[in-house]
Amino acid sequence: MINKVTDSLAQAFSGIQDGSVVMIGGFGGSGIPHELIEGLVAQNAKDLVIITNNAGSGETGIAALLKSRRVRKIICSYPRMANSHIFETLYRSKEIELELTPQGNLAERIRAQGAGIGGFFTETAFGTLLAQGKETRLINGKNYVFESPLEADFALIKGYKGDRWGNLVYRKASRNFGPIMAMAAKTTIAQVQEVVELGVLDPEQIITPGIFVQHVIHVGEPI
Amino acid sequence: MNQPSGVGLTLKPISRNEMAQKIASYIVEGTYVNLGIGMPTLVANYLPPDKEIFLHSENGILGMGPAPQDADIDWDLINAGKQPVTLLTGGSYFHQADSFAMMRGGHIDISVLGGFQVSQTGDLANWHTGEVDAVPAVGGAMDLAVGAKKTYVMMEHLTKDGKSKLVAQCTYPLTGIGCVSMVFTDLGIFEILPEGFFVVELFNEMSLAQVQAVTPVVLHTYP
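Residues numbered from 1 in each chain as written. Chains lettered and ligands numbered in written order. Predicted model: local features only at pLDDT ≥ 70, side-chain atom pairs only at ≥ 80, totals over all residues.

Participant: Describe in detail the packing of helix 5 (residues 103-115) of chain A against helix 2 (residues 96-104) of chain B, supporting the description with residues and values.
Facilitator: One can describe the packing of helix 5 of chain A onto helix 2 of chain B by two numbers: an axis separation of 9 Å at closest approach and a directional angle of 125 degrees. Taken together, the axes of helix 5 of chain A and helix 2 of chain B are oblique relative to one another. In terms of crossing hand, the pair formed by helix 5 of chain A and helix 2 of chain B is left-handed. Facing helix 5 of chain A, whose interface residues are A:Gln103, A:Gly104, A:Ala107, A:Glu108 and A:Arg111, helix 2 of chain B presents B:Gln96, B:Ala97, B:Phe100, B:Met103 and B:Arg104. Its residues assigned to classes, the contact of helix 5 of chain A with helix 2 of chain B shows four nonpolar, three polar and three charged. (Axes fitted to C-alpha atoms, helices over the stretch in contact; angles between N-to-C directions. Helix = DSSP H or I, 4+ residues; strand = E, 2+ residues; numbered from the N terminus. Parallel < 35°, antiparallel > 145°, perpendicular 65-115°, else oblique. Left-handed = near helix turned anticlockwise from the far one by under 90°. Contact = placed C-beta atoms within 7 Å. Nonpolar A, V, L, I, M, F, W, Y, C, P; charged D, E, K, R; others polar.)

Participant: How would you summarise unusual backbone geometry if you had to cite specific residues and measurements?
Facilitator: In this structure, A:Ala125 is a non-glycine residue whose phi angle is positive, near 80 degrees. Along the polypeptide, A:Ala125 turns up in the loop between strand 6 (120-122) and strand 7 (136-139). A positive phi is found at B:Asn204, a non-glycine position, where the angle reads about 50 degrees. Tracing the backbone through its elements, the reader meets B:Asn204 in the loop between strand 12 (196-202) and helix 4 (208-212). The exposure class assigned to B:Asn204 is exposed, which follows from the 12 C-beta atoms found within 10 Å. (Buried ≥ 20, exposed ≤ 12 C-beta atoms within 10 Å, placed from the backbone.)

Participant: Tell me what's going on with the sheet that holds strand 6 of chain A, and back it up with residues and numbers.
Facilitator: All names here are of chain A. Read across the sheet, three strands follow the order 6-8-7 without closing on themselves; strand pairing throughout is antiparallel. Of all the strands in the sheet, just strand 6 and strand 7 have a single pairing partner and so form its edges. Taken pair by pair, the neighbouring strands of this sheet meet at an average axis angle of 40 degrees, ignoring direction. As paired elements, strand 7 and strand 8 (residues 142-147) share four bridges and run antiparallel to each other. If you follow Thr136 over to strand 8, its bridge partner there is Val145. Those strands touched by helix 5 are strand 6 and strand 8, and its axis lies near 165 degrees from that of strand 6. (Pairing = 2+ DSSP bridges.)

Participant: Can you tell me about the environment of B:Val118, naming the residues and giving the values?
Facilitator: All names here are of chain B. With respect to the element layout, Val118 can be found in strand 6 (residues 117-119). When the C-alpha atoms of Val118 and Cys170 are compared, they prove to be 6.6 Å apart, with 52 residues separating the residues in sequence. Here Val118 is in contact with Leu124, Val153, Lys165, Leu166, Val180 and Val183, once residues within four sequence places are set aside.

Participant: Help me get a handle on the pairing of strand 14 (residues 215-218) of chain A, residues and values and all.
Facilitator: All names here are of chain A. Pairing between strand 1 (residues 5-6) and strand 14: two bridges, direction parallel. Looking at strand 14, one finds that Thr6 is bridged to Ile217. Pairing between strand 12 (residues 185-192) and strand 14: four bridges, direction parallel. The residue of strand 14 that forms the bridge with Ala190 is Val216.

Participant: Tell me what's going on with the interface of chain B and chain A, and back it up with residues and numbers.
Facilitator: Each partner contributes residues to the interface: chain B has 32 residues there, and chain A has 37 residues. For the side of chain B that touches chain A, the element with the most residues is helix 2 of chain B, which contributes five residues. Taken together, the residues of the side of chain B that touches chain A sort by class into 17 nonpolar, eight polar and seven charged.

Participant: Quick one: what's the story with the environment of B:Leu55, residue by residue and with numbers?
Facilitator: Mapping B:Leu55 onto the fold places it in strand 2 (residues 54-57). Placed 21 residues apart in sequence, B:Leu55 and B:Asn34 show a C-alpha to C-alpha distance of 5.8 Å.

Participant: Provide a residue-level description of the pairing of strand 2 (residues 21-24) of chain A, including the pertinent values.
Facilitator: All names here are of chain A. Where strand 2 meets strand 3 (residues 48-51), three bridges bridge the pair, whose relative direction is parallel. In the sheet register, Val21 faces strand 3, and the bridge partner there is Val49. Once the chain exits strand 2 it traverses helix 2 (residues 34-42) before rejoining the sheet at strand 3, and the crossover so formed is right-handed. Where strand 2 lies against strand 9 (residues 152-158), three bridges are found, and the strand directions are parallel. Residue pairing in the sheet places Val22 in a bridge with Phe154 of strand 9. (Right-handed = clockwise from strand over helix to strand, strands pointing away.)

Participant: Describe the sheet that holds strand 13 (residues 194-195) of chain A, naming the residues involved and giving the relevant values.
Facilitator: Residue and element names in this part refer to chain A. One open sheet accounts for three strands, arranged 11-10-13; its pairing is mixed. Of all strands in the sheet, those with a lone pairing partner are strand 11 (168-169) and strand 13, marking the two edges. Alignment of strand 10 (residues 161-162) against strand 11, held across two bridges, turns out to be antiparallel. Directly across from Gly162, in strand 11, lies its bridge partner Leu168.

Written out as structure tokens, the structure is:
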């Protein structure tokens, strides 16, 4: 019997090593896998590369991970938010590397990796600072910039309900990066509010099919 | 208030809410619209309630509704500015790659963005002041600027120290090249055509000479 549901964060996180590339879902405060990030903070791996939309705020979640100084580089679209002082301090003192990516490019680079696409040409950012040094091409009279896929060892995402095969549904706009990160990473760990029996999730409504998910962790109601 | 030399009349700008109202009057029933964070968000307050207009939010919402009552706040349901919103009946949620495909694939009819500068060839600068120690953040701005069928910019005509934001060439780092179709300022509405800025409307009975005196680039009138 296949059972991807586990209670053990330590077991799910055992493969995260120094230098691992970790995608973390969420947009602003919506869809952030808080419990999984806490698990990553408690884990010892360093020189991590984090791929996520924002760079955390306050002192918890991604901000706490950055504060632990085990993140070498962050690939994101919008690191500046209310209370993003931890990132800003590390950035100004050059203790963290930033690869700034337009949000649509970030999403599509993640999707490309998950779909086995070796990159793509996009109009976004053509002629701007964020396209400097990148290959360009004129296609059907329009200027495009080449963007490469984003590989990752792990994805930490937040689902709403999941089953033992790893099928997931999400809640409202917290879906954001979850489905594409699950596709892109070699190992996807999904925290869910509720674990349901196989067959409870309507096959017509499943958003992330279990093939993209390796571990499901039940965390209960949001903290 | 600026006293443009040689004109001697005080400029009579309209308020931000009046600007929002002007833009709203250009949005017809059935339009798919993305309102950027900051000032453009105000436009939603002036869309006619009896017309069905689809608001898109980059974090994965179509059919976005107004802010909820306090008791109904759901932090899984936020807008691009990370503020709580609601979903209209018939609305939908989707992941980031689909959300940005709606922009990048040219499915969004109108994108309304804030701006630092717009050039006479339709270049937009709105993401970076160019200050060396600024923490850069781009979010969806570059995708929205080039992806929508029409990009409208909503901004004050002059900076706080009286410099025109309508320029011959942007001096701030670019968000997109040749992407702006219309500019709505607090002095007037300007369309961008191959020949440059064309005056659609000037507010509060200001004269062309008066607005031209504070704008260092030719304001054309329609033949």
